[in-house]
Amino acid sequence: MSANAPLYEILALRYAHSADRTQASNLIFPDDHAAPMPLDYFIWLIRGEGRTIVLDTGFDQETATRRNRKLLRSPLDALRAVGVDPAKVDDVVLSHMHFDHAGNLGGFPNARFHLQDAEMQYCTGRCMCHEPLRRPFDVEHVMQAVQHVYTERMTFHSGTSELAPGITLHLVGGHSGGLQVMRVPTARGWVVLASDAAHFWYNIRRRSPFVLLHNLEKMLEGWVLCEKLADGPDHIIPGHDPEVTRRFPKHPLDRGAIMVDLPPIA
Ligand SMILES: [Zn+2]
Ligand SMILES: [Zn+2]
């Protein structure tokens with residue numbers, strides 16, 4: 001990273017929790033079937049250089065009730081808690097279209113959305129004829145994304161592209177047809193927001209894949225890519241790991257806002 005490179009703040013905003021999960025419910029090859037492995041749910045706020053970018057949009061109470069997840073607060077309220085008006089967000093990146101990442105699109109009335117070509121093809125195509133593959137999608141979210149194509153608010157990406165000075169998007173796939181990760185320059189170096197390319201540090205460090213899978217080879221290659229893009233193992237921020245909340249400092253305005261642009265404290 002050059003001396004005058006742009007630097008950004010990153011907050012992981014925790015909005016939901018799933019307590020009753022074990023390795024057996026999360027991993028294809030569990031080491032200890034009964035070991036507890038709860039999930040947290042986050043969206044991510046990236047601020048700096050005069051820009052406000054949101055990665056993923058979470059789900060709402062209706063989805064939480066239907067899918068038996070514990071919504072702690074609306075992801076939109078999580079943004080407001082750290083001083084962000086969702087109506088003023090310019091860019092919303094969707095890592096992929098799963099229900100816990102692509103709801104609440106109506107809460108961002110002035111945003112431009114960013115999605116990989118491959119993810120839109122996947123969630124509107126032939127694979128969705130199969131129940132196990134479409135299970136993690138909410139068709140309402142998919143239909144809203146399609147509407148934003150027709151209202152010219154959707155920007156498609158194919159592979160690697162630069163979203164803002166220094167910030168890049170990278171196609172991974174693996175977990176979903178066109179999952180993308182985001183690389184952000186911060187004061188502590190290059191941070192990769194992996195979203196569901198790695199639900200937990202356990203997945204990437206133990207090379208142990210999460211149960212929801214489209215292509216195992218691409219998931220494995222995605223871990224290699226994340227490691228290449230990030231400045232170290234603690235610079236890869238997993239998508240659902242409660243350890244994120246435990247290991248990084250909390251924002252003074254909100255204990256559910258985790259400052260992952262700073263070095264870990266545990
Ligand atoms: Zn997912
Ligand atoms: Zn997820």
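Position numbers for residues start from 1 in each chain and track the written sequence from start to end. Note on labels: chains are lettered from A, ligands numbered from 1, in written order. The model is predicted, so local features are restricted to residues of pLDDT at least 70 and side-chain atom pairs to those at 80 or more, both for listing and for counting; the totals for chains, interfaces and linings are taken over all residues.

**A few points about unusual backbone geometry**
What you tend to see is this: most non-glycine residues have negative phi, and most peptide bonds are trans. For clarity, the cut-off: Helix and strand labels come from DSSP, where a helix needs a run of H or I of at least four residues and a strand needs a run of E of at least two; each type is numbered from the N terminus. Three exposure classes are used. Buried residues have 20 or more other C-beta atoms within 10 Å of their own C-beta, exposed residues have 12 or fewer, and partly exposed residues fall in between, all C-beta atoms being placed from the backbone.
Phi is positive for Asp56, which is not a glycine, with a value near 70 degrees. Examined against the element boundaries, Asp56 turns out to sit in the loop between strand E3 (51-55) and helix H2 (61-67). Asp56 sits in the buried class, given 26 other C-beta atoms within 10 Å. Of note in the backbone geometry, Asn104 takes a positive phi value of approximately 60 degrees without being a glycine. Here Asn104 shows up in the loop between strand E5 (91-93) and strand E6 (112-116). Asn104 gets classed as buried once you count the C-beta atoms within 10 Å, which come to 22.

**What about the pairing of strand E8 (residues 160-164)?**
Test applied: One bridge is not enough; two strands pair if DSSP finds at least two bridges between them.
Bridge count for E8 against strand E9 (residues 167-171) is four bridges, and the pairing is antiparallel. Bridged to Glu162 within E9 is Thr168. The loop that links E8 with its antiparallel partner E9 comprises two residues; one of these, Gly166, has a positive phi angle of about 90 degrees.

**A closer look at the sheet that holds strand E12 (residues 236-238)**
Threshold: Orientation is described by axes fitted as lines to C-alpha atoms, over the contacting stretch for helices, and by angles from 0 to 180 degrees between their N-to-C directions. Contact criterion: two residues are in contact if their C-beta atoms, reconstructed from the backbone, are within 7 Å.
Read from one edge to the other, the open sheet built from five strands follows the order E8-E9-E10-E11-E12, with strand pairing classed as mixed. Bordering the open sheet on either side are E8 and E12, each of which pairs with just one other strand. Sheet twist, expressed as the average angle between the axes of neighbouring strands with direction ignored, equals 25 degrees. Relative to strand E10 (residues 180-186), E9 is paired through four bridges, and the arrangement is antiparallel. Its bridge partner being in E10, Leu171 is matched across the sheet by Gln180. The sheet strands contacting helix H8 (residues 216-229) are E9, E10, strand E11 (189-195) and E12, and the helix crosses E11 at an angle near 155 degrees.

**Looking at the environment of Ile10**
Secondary-structure assignment places Ile10 in strand E1 (residues 9-18). Judged by the 23 C-beta atoms lying within 10 Å of it, Ile10 falls in the buried class. Along the sequence, Ile10 and Arg47 sit 37 residues apart, while their C-alpha atoms lie 6.5 Å from each other. Ile10 has contacts with Trp44, Ile46, Val184, Thr186, Val191, Val260 and Asp261, leaving out every residue within four places of it along the chain.

**A look at the environment of Ser25**
Within the element layout of this structure, Ser25 appears in helix H1 (residues 23-26). Between the C-alpha atoms of Ser25 and Met128, which are 103 residues apart in sequence, the distance is 22 Å.

**Remarks on the pairing of E1**
Along E1, seven of the 10 residues are buried, which leaves the element largely enclosed by surrounding structure. In terms of strand pairing, E1 meets strand E2 (residues 39-48) through nine bridges, oriented antiparallel. Bridging from a neighbouring strand, Ala12 pairs with Trp44 of E2. The pairing of E1 with strand E14 (residues 254-259) spans three bridges and is antiparallel. Each residue of the ladder has a partner; that of Leu13, found in E14, is Ala257. Pairing analysis gives two bridges linking E1 to strand E4 (residues 70-71), with the strands arranged antiparallel. Note that in E4 the partner of Ala16 across the bridge is Leu71.

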